[in-house]
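If you want the building blocks of each chain, they are given just below.
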Amino acid sequence: MISYVLAFLGAMANATGNTLNRKASRDEPAKVAFTLKLFADLLHKRAWLSAVGLMTLSFILASAALGTGQLASVQLIIVLELPMTLIGGSLILGTRLAVRDWVAVGVMTAGVICLLALLDPRQGAPKAIPPFEWIMASVANLGAIVVLFLAARAHPAPTVRAGLLGLSAGFGYGLTAAFTKGMADQFNSGGVPGVLSSWQLYATVTAGVTSAFLLQNAYQAGPLTASQPGITLVDPIVSTLWGVVVFGEQVNHGTLLALTPLPLIAVGGAVLALSRSPVLHLTQTGQDRTKAGRESADLARAADS
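These remarks concern the structure in this document.

Quick look at the pattern of salt bridges
For the structure on display, the rule yields two salt bridges. Residue Asp120 pairs with Arg122 through a salt bridge whose shortest N-O separation is 3.2 Å. Residue Lys181 is joined to Asp185 by a salt bridge in which the shortest nitrogen-to-oxygen separation is 3.9 Å. A residue pair is termed a helical-turn pair when its members lie 3 or 4 positions apart in one helix, as Lys181 and Asp185 do in helix H8 (residues 158–196) at four residues.

Structure representation (structure tokens):
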């Protein structure tokens, strides 16, 4: 139970950080995409620095949750940061959520609870993960990130580019969660010295920074409706695979497992609905708002003609 509470608090901190992050990055021009100048510009914004602080707190809480719980359960709860971001955005920006948004929040929350009940993630038999398993799983995960990133770089359409970067960020955060789980296990067995001497610590930092880079560029590249589903849904799926295949976590099988697509579809539909919320689009990137302005102008000209 303590891992659920820590994961929930971590999701709250990250949700608030996401809102401030989007507020800081929405005015960045398209030309700074995929460059360090994007981060250089953001370093001068208090909102972004506050977001970094909250995301750091979220990382600490999530690490503690992973040290006391399972990857599958912790990362499922962290999915709830999307509706929390929506609610936080409405408070920070002084807007009101529509009834449709509240319905989507309720559906997503219920879907996550049902998934947890159906999967019932449990700790498996204690095992030492051999280096070969770490290497093979990491290479497969990194391969997906690289392929999606290169495809995003090559595609000219902002919507497709944002979607691919969102998927890549989701894979990145799933990998980060797996390394964090390994780091937490090192802490449980060897304390702080065990963590500092473990390769998982430095792999976690590298994967986390890379994922943040992909996330920032996904927000900057195109609309949230394209990037948010990948960011939100891929992370828990990848984390669950890591938990079951590599860490030996156990989930329900048979009929209960066969029912999991139902709440998963509900969660996916809620994510799509929430990503279309006007509250989230109030914090979209400058490129998106410029595009939206052009589209509005085109519609106005069409109506006049």
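Description of the environment of Gly230
Relative to the helices and strands, Gly230 is located in helix H10 (residues 224–246). Beyond its immediate chain neighbours, meaning those up to four positions away, Gly230 contacts Gly166, Leu167, Gly170 and Asp235.

With respect to the nonpolar core
In this structure, Met108, Leu165, Trp242, Phe247, Val267 and Leu274 are the most contacted members of the largest nonpolar core, which totals 62 residues. Here this core gets eight residues from one element, more than from any other, and that element is H8. The residues touching Met108, leaving out its near neighbours within four places in the chain, are Val79, Leu80, Leu82, Pro83, Thr232, Val267, Ala270, Val271 and Leu274.

Looking at unusual backbone geometry
One non-glycine residue, Asp120, lies in the positive phi region at around 45 degrees. Since its relative accessible area comes to 33%, Asp120 is described here as partly exposed.

What about H10?
An ideal rise of 1.5 Å per residue puts 33 Å on 23 residues; H10 measures up with 32 Å between its terminal C-alpha atoms. For H10, the principal kink sits at Val234 and spans about 30 degrees; a proline, Pro236, occurs within the next four residues. Within H10, 17 of the 23 residues are buried, leaving the element largely enclosed by the surrounding structure. Note on H10: the residue one or two positions beyond its end, Gly248, has a positive phi of about 75 degrees.

Considerations on the environment of Leu118
Secondary-structure assignment places Leu118 in helix H6 (residues 99–119). On the basis of relative accessibility, which here comes to 15%, the residue Leu118 falls in the buried class. Taking the C-alpha atoms as reference, Leu118 lies 8.4 Å from Val251; in sequence the two are 133 residues apart. Those residues in contact with Leu118 that sit more than four places away from it in its chain are Asn252, Leu256, Leu259, Thr260 and Pro263.

Some thoughts on helix H7 (residues 131–154)
Across its 24 residues, H7 extends 34 Å between first and last C-alpha, which sits within 8% of the 34 Å expected from 1.5 Å per residue. Taken as a whole, H7 has its buried residues at Trp134, Ala137, Ser138, Asn141, Ile145, Leu148, Phe149 and Ala152.

Some details on a nonpolar patch on the surface
Among the surface-exposed residues, Met1, Ile2, Tyr4, Val5, Phe8, Leu9 and Met12 lie close enough to one another that they form a single nonpolar patch of about 670 Å² accessible area. Here Val5 is to be found in helix H1 (residues 2–25). By relative accessible area, which is 41% here, Val5 ends up partly exposed.

The rules we used
Residues numbered from 1 in each chain as written. Predicted model: local features only at pLDDT ≥ 70, side-chain atom pairs only at ≥ 80, totals over all residues. Heavy atoms only, no water. Salt bridge = Lys/Arg side-chain N within 4 Å of Asp/Glu carboxyl O. Helix = DSSP H or I, 4+ residues; strand = E, 2+ residues; numbered from the N terminus. Contact = heavy atoms within 4.5 Å. Core = buried A, V, L, I, M, F, W, Y, C linked by side-chain atoms within 4.5 Å. Buried < 20%, exposed > 50% of the residue type's maximum accessible area, 1.4 Å probe, protein only. Expected span 1.5 Å × (residues − 1). Bend = angle between axes of the 7 residues up to and from the residue. Patch = residues over 30% accessible without salt bridge, like charges linked within 9 Å, V, L, I, M, F, W, Y side chains within 5 Å. Areas by Shrake-Rupley, 256 points an atom, 1.4 Å probe, with all protein chains shown as cover.

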